[in-house]
Amino acid sequence: MPECPELHLAGRFITEACGELLFEGGVQRSAVGRGPEVPFSSEAYKVKAESRGKELRLTLEPLGAGPKQALVFRFGMSGSFRLCDASDLPRHAHLRFFTRESPPRALCFVDPRRFGTWRLGEAWQPDRGPCVLLEYPAFRENVLSNLEDKAFDKPICEALLNQKYFNGIGNYLRAEILYRAKIPPFEKARTVLEALKHQVQNSSLTLSKKLKLKRDNPDLLELCHTVPMEVVAADKNVFDPSDANNYAAFKNWLQCYLVPGMSSLRDSNNRTIWFQGEPGPMAPKGQKSRKKRAHLKADPEAPTPTVTTRASKRRSGGTEKPPKPAVKEEEEKEVPVGAKKGRARGRKKVAAAPTLSEPEPPVRAKRNRTSARRGRGAAPVV
């Protein structure tokens, strides 16, 4: 899911790719786009972009007479911007801005899952706090001066998703931040943050000792700024919004989120938090932390053997259903934690096992007619 680094990089991409381009005409909207029609048209206009937290503002500025038009985007789960030939528009291009070139190109807002949206006007969403990436001093002050808010009664992993105070932080960033800060995700947020409020810098320490102290005891609020900056500071080709093959580079950067060996739990919002060590005193009751298995981080396109269970063998002898396409790890449908052993384990394997590119021939089940089963009835399907 795009978070503040991705929004910032999208704005930088638009500025660099479209800074010298002229656009013309109106703005086309797809029939299924989750945003309003854009009442704007001009014979020649420029496009500018800037981001703030999890929002991106696009401004259309006519070269001649006429008012400018601003749009504020939220990317949802899969939104991005692409610049492509107007004759070869990508699928799910829900908003399109056309250049004056010959042949023309189109700047497109592409969103396959259609959770992204836009609204008219230049105002940022009013209930979002300062951006953790671009407004760090104001962000820090906004958090530390409002610790009495009930939002900080929650575990720190849940407070980090509150955009009123942590504008730009999402699921993968909160896992990376807490991992580096060595803070249990279900520690009370106010307990963690009050320690920063009353922290006093010892002026008698040398610079090298201050740096060592900060390295050994990282400041959570500083990490809310520096961890997103790592993504932004990476080679822009690695995180180019037009490059669909950059997922492997992103996975290599992650230290905690979806990393094999890390544990996970679901918070009260049913969002999965990845962590190492103990979860903390406010961990949800009745859940058991699960370890991320190494094979789930393998190349999703690599074929692996199909897992065949007795349940699959007992299906009808007709042609099997074609295999479902592989999905990225963030989109995997996870089995609820704390699932029962035995029969549930077999169902989990059927749901989670990747399939080959071609289906295997059906296997006829052999009926085991033992005297014990004749006495007790058919064995349950597992």
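Residues numbered from 1 in each chain as written. Predicted model: local features only at pLDDT ≥ 70, side-chain atom pairs only at ≥ 80, totals over all residues. Heavy atoms only, no water.

(A) Main features of the overall build of the protein chain. Of regular secondary structure, the protein chain possesses 11 helices and 12 strands. For the protein chain, the proportion of its 382 residues judged to be buried stands at 41%. Here the contacts in the protein chain between residues at least 6 apart in sequence split such that 70% fall between residues at least 24 apart. For the protein chain, the accessible surface area stands at approximately 22000 Å², while carbon and sulfur atoms represent 52% of it. (Helix = DSSP H or I, 4+ residues; strand = E, 2+ residues; numbered from the N terminus. Buried < 20%, exposed > 50% of the residue type's maximum accessible area, 1.4 Å probe, protein only. Contact = heavy atoms within 4.5 Å. Areas by Shrake-Rupley, 256 points an atom, 1.4 Å probe, with all protein chains shown as cover.)

(B) Looking closely at the sheet that holds strand β6 (residues 80-85). Spatial ordering of the open sheet is given by β2-β7-β8-β6, a layout of four strands whose pairing is antiparallel. Both outer strands of the open sheet, β2 (28-29) and β6, are each paired with one neighbouring strand and no more. Two strands pair when backbone bridges link them, and strand β7 (residues 93-98) and strand β8 (residues 105-110) are joined in this way by five bridges, in the antiparallel orientation. Paired with Phe98 across the strands is Ala106, a residue of β8. On top of the sheet, helix α1 (residues 4-18) reaches β6 and β8; it is set at about 25° to β6, its chief contact. (Pairing = 2+ DSSP bridges. Axes fitted to C-alpha atoms, helices over the stretch in contact; angles between N-to-C directions.)

(C) Summary view of the side chain of His94. Position of His94 relative to the elements: it lies in strand β7. Within the structure, His94 has its side chain in polar contact with the side chain of Ser30 (distance 2.8 Å). If sequence neighbours within four positions are ignored, His94 has contacts with Gln28, Arg29, Ser30, Val32, Gly33, Phe109, Asp111, Arg114 and Trp118. (Polar contact = N/O pair within 3.5 Å; in protein donor to acceptor, adjacent residues only side chain to side chain.)

(D) Here's a closer look at helix α7 (residues 220-233). Its 14 residues give α7 an end-to-end C-alpha distance of 20 Å, which sits within 8% of 20 Å, the value for a rise of 1.5 Å per residue. All buried positions along α7 are accounted for by Leu220, Leu221, Leu223, Cys224, His225, Val227, Pro228, Val231 and Val232. The opening residue of α7, the one whose side-chain oxygen lies 2.9 Å from the backbone nitrogen of Leu221, is Asp219. (Expected span 1.5 Å × (residues − 1).)

(E) Focus on the packing of aromatic side chains. Within the structure shown, the criterion is met by 16 aromatic pairs. With centroids separated by 5.0 Å and ring planes inclined at 90°, the aromatic side chains of Tyr172 and Phe250 adopt a geometry described as edge-to-face. Here Phe250 lies in helix α8 (residues 247-253) and Tyr172 lies in helix α4 (residues 171-181), a separation of 78 residues in the sequence. These aromatic residues form a ring-pair network of at least three members: Phe73, Phe75, Phe81, Phe109 and Trp118. (Phe/Tyr/Trp six-rings, centres within 6.5 Å; stacked < 30°, edge-to-face > 60°.)

(F) Local environment of the packing of α1 against α7. For the pair α1 and α7, the least separation of the axes is 9 Å and the interaxial angle reads 35°. Two packed elements cross with a definite hand, and for α1 against α7 that hand is right-handed. Together, Cys4, Pro5, Glu6, His8, Leu9 and Arg12 of α1 and Pro228, Val231 and Val232 of α7 make up the contact between the two elements. Taken together, the residues of the contact of α1 with α7 break down into six nonpolar, one polar and two charged. (Left-handed = near helix turned anticlockwise from the far one by under 90°. Nonpolar A, V, L, I, M, F, W, Y, C, P; charged D, E, K, R; others polar.)

(G) Up close: the packing of helix α2 (residues 136-144) against α7. It is the contact of α2 with α7, at a shortest axis distance of 10 Å, that shows an interaxial angle of 145°. Crossing geometry of α2 relative to α7 is assigned as right-handed. In contact with Tyr136, Phe139, Arg140, Val143 and Leu144 of α2, α7 contributes Leu221, Glu222, Cys224 and His225. Of the residues that constitute the contact of α2 with α7, the class distribution is six nonpolar, one polar and two charged.

Limitation: the analysis is restricted to geometry and does not speak to function.
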